[in-house]
Amino acid sequence: MVQAWGFGRFGGAEVQELFDRPDPVPGRGEVLIRVDIAGVNPLDHVVRSGLVDGLDGGRPFPRVLGMEAAGTVLALGTDVDGLEEGDAVFGFALTGGGTYAETTVLSAPNTARIPAGLSATVAATLPVAGTTAVDALDQLDLPSGATVLVNGVGGGVGLAVAGLAVGRELRVIGTGSAAKREPAEAIGVRFIDYTAGDVVAAARELAPDGVDGIIDLVGGTSLRTVVPLARDSRNVIAVGDQSVAELGGRFVERRLDRENLERAARLALDGVLAPVISAVHPLADAPAALATVENGHAAGKVVIKVT
Ligand SMILES: NC(=O)c1ccc[n+]([C@@H]2O[C@H](COP(=O)([O-])OP(=O)(O)OC[C@H]3O[C@@H](n4cnc5c(N)ncnc54)[C@H](OP(=O)(O)O)[C@@H]3O)[C@@H](O)[C@H]2O)c1
């Protein structure tokens with residue numbers, strides 16, 4: 001039996017429990033892995049809450065938390081191409097395995113080998129935040145010298161997208177609370193503390209003619225506040241709030257395939273995609289890890305070190 005953090009019914013943090021389960025059996029297109037590192041994401045508590053059912057593959061209760069991990073392949077299911085037992089891999093648990101666990105199943109088409117030289121800790125942050133950062137910037141497709149506003153720059157996706165944007169020679173303005181100033185400015189972001197005053201006025205001081213694009217990681221009222229800063233609302237890409245379409249913007253188009261994971265890994269190896277990992281928790285402290293993200297003000301990425 002192996003340990004896993006999951007939930008026996010939908011709800012708040014109170015429904016989370018550590019339980020024992022046998023190793024999951026990898027099915028068609030799945031690989032069983034020993035989890036080294038699990039990434040923690042806002043989606044994990046959304047799935048636990050039951051607000052959006054099915055995103056985690058919808059297996060019967062108890063369900064295991066977590067959508068992304070890095071680890072070592074222990075066994076292959078049927079119809080698995082390009083992966084072998086013993087490979088160090090990272091990827092998505094899209095079929096219900098859950099990754100806050102000592103072993104889990106990943107979806108093989110959404111799993112890639114970790115290239116030599118890349119740590120499992122960094123690799124575990126790439127499936128969700130890393131590839132989202134790449135996808136959002138690709139979709140925006142701004143030329144070098146253009147100005148992009150990253151709304152919610154201090155979180156897992158925000159710092160990754162800001163670093164990538166600076167690497168593409170974009171001028172980056174980022175919003176966050178005061179504690180995010182230092183990590184954001186360290187990668188070259190012109191920072192606006194949204195708790196300290198009028199964000200739009202502060203942004204207009206930095207970009208009097210508005211910005212060429214916005215990547216929004218906050219949504220809701222905050223998204224609506226910053227949209228008028230974009231010279232063209234089609235260049236507003238939201239990552240979490242689908243209502244961006246009502247404002248003339250676009251929801252991020254995601255690529256979860258192996259090729260995109262490999263691309264993110266190459267960018268990480270080259271140091272262009274440099275996730276900021278603010279906290280590493282042991283598996284026993286998984287609830288604390290998720291609570292940090294669930295409170296909505298995480299700094300960079302939070303991960304769980306399982307093995
Ligand atoms: N579509 C997809 O495939 C996909 C993939 C990844 C993420 N997402 C979604 O994208 C969103 C961001 O993900 P994430 O992993 O980056 O989350 P995260 O790590 O929790 O970061 C969110 C950041 O937003 C900041 N923030 C909160 N309110 C703000 C405001 N009013 N103005 C500016 N910043 C604010 C928070 O800290 P401070 O308030 O302290 O600055 C925090 O650093 C989530 O909704 C997530 O579910 C979607």
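Per an unreviewed UniProt entry, the recorded name for the chain is L-threonine 3-dehydrogenase, and the organism is Nocardia macrotermitis.

*Asks:* Any chance you could break down the layout of surface pockets for me, citing the residues and the numbers?
*Replies:* The space that makes up the largest pocket amounts to roughly 1500 Å³. Contributing elements (two or more residues each) for the lining of the largest pocket: helix 1 (42–49), helix 3 (126–140), helix 4 (156–167), strand 10 (171–176), helix 7 (220–226) and helix 9 (286–294). At four residues, the largest contribution of residues to the lining of the largest pocket is made by helix 1. When grouped by side-chain class, the residues that make up the lining of the largest pocket number 24 nonpolar, 21 polar and five charged.

*Asks:* Give a detailed account of the site of the ligand, specifying residues and quantitative values.
*Replies:* The immediate surroundings of the ligand are formed by 25 residues, with Ser177, Lys180, Tyr194, His297 and Ala298 found nearest. In this structure, an oxygen atom belonging to the ligand sits 2.6 Å away from a side-chain N or O atom of His297. Protein contacts shield 83% of the accessible area of the ligand, which totals 910 Å² for the unbound molecule. Those elements that place two or more of their residues in the shell around the ligand are helix 3, helix 4 and strand 10. Looking at the shell around the ligand residue by residue, the class counts come to ten nonpolar, 13 polar and two charged. Of the domains in this structure, domain 1 (2–125 + 276–305) and domain 2 (129–251) are the two that each give at least three residues to the shell around the ligand.

Cut-offs used in this document
- Position numbers for residues start from 1 in each chain and track the written sequence from start to end.
- Per-residue local features of the predicted model are confined to residues with pLDDT of at least 70, and side-chain atom pairs are confined, for both listing and counting, to 80 or more; whole-chain, interface and lining totals are unaffected and use all residues.
- Hydrogens and waters are ignored; side-chain quantities use all the structure's heavy atoms.
- Lining residues are defined by having an atom within 4 Å of a point belonging to a cavity or pocket. Those points lie on a 1 Å grid over the protein atoms alone, cavities being sets where a 1.4 Å probe fits but cannot get out and pockets being open sets with protein on both sides within 12 Å along at least five of seven lines.
- Grid points are joined across faces, edges and corners, and a volume is the space filled by probe spheres set on the points.
- Where helices and strands are cited, they refer to DSSP runs of H or I of at least four residues and of E of at least two residues respectively, numbered from the N terminus.
- Only Asp, Glu, Lys and Arg are considered charged, only Ala, Val, Leu, Ile, Met, Phe, Trp, Tyr, Cys and Pro nonpolar, and every remaining residue, Gly among them, polar.
- For this description, a residue counts as near a given molecule or strand if any of its non-hydrogen atoms is within 4 Å of it.
- Any pair of nitrogen or oxygen atoms within 3.5 Å is treated as a polar contact; in protein, a donor-acceptor pairing is required on top of that, and neighbouring residues in sequence qualify only through side-chain atoms on both sides.
- Where accessible areas are quoted, they stem from the Shrake-Rupley method and a 1.4 Å probe; at the residue level, only the protein chains shown are allowed to cover.
- An automatic or database domain assignment supplies the residue ranges for each domain.

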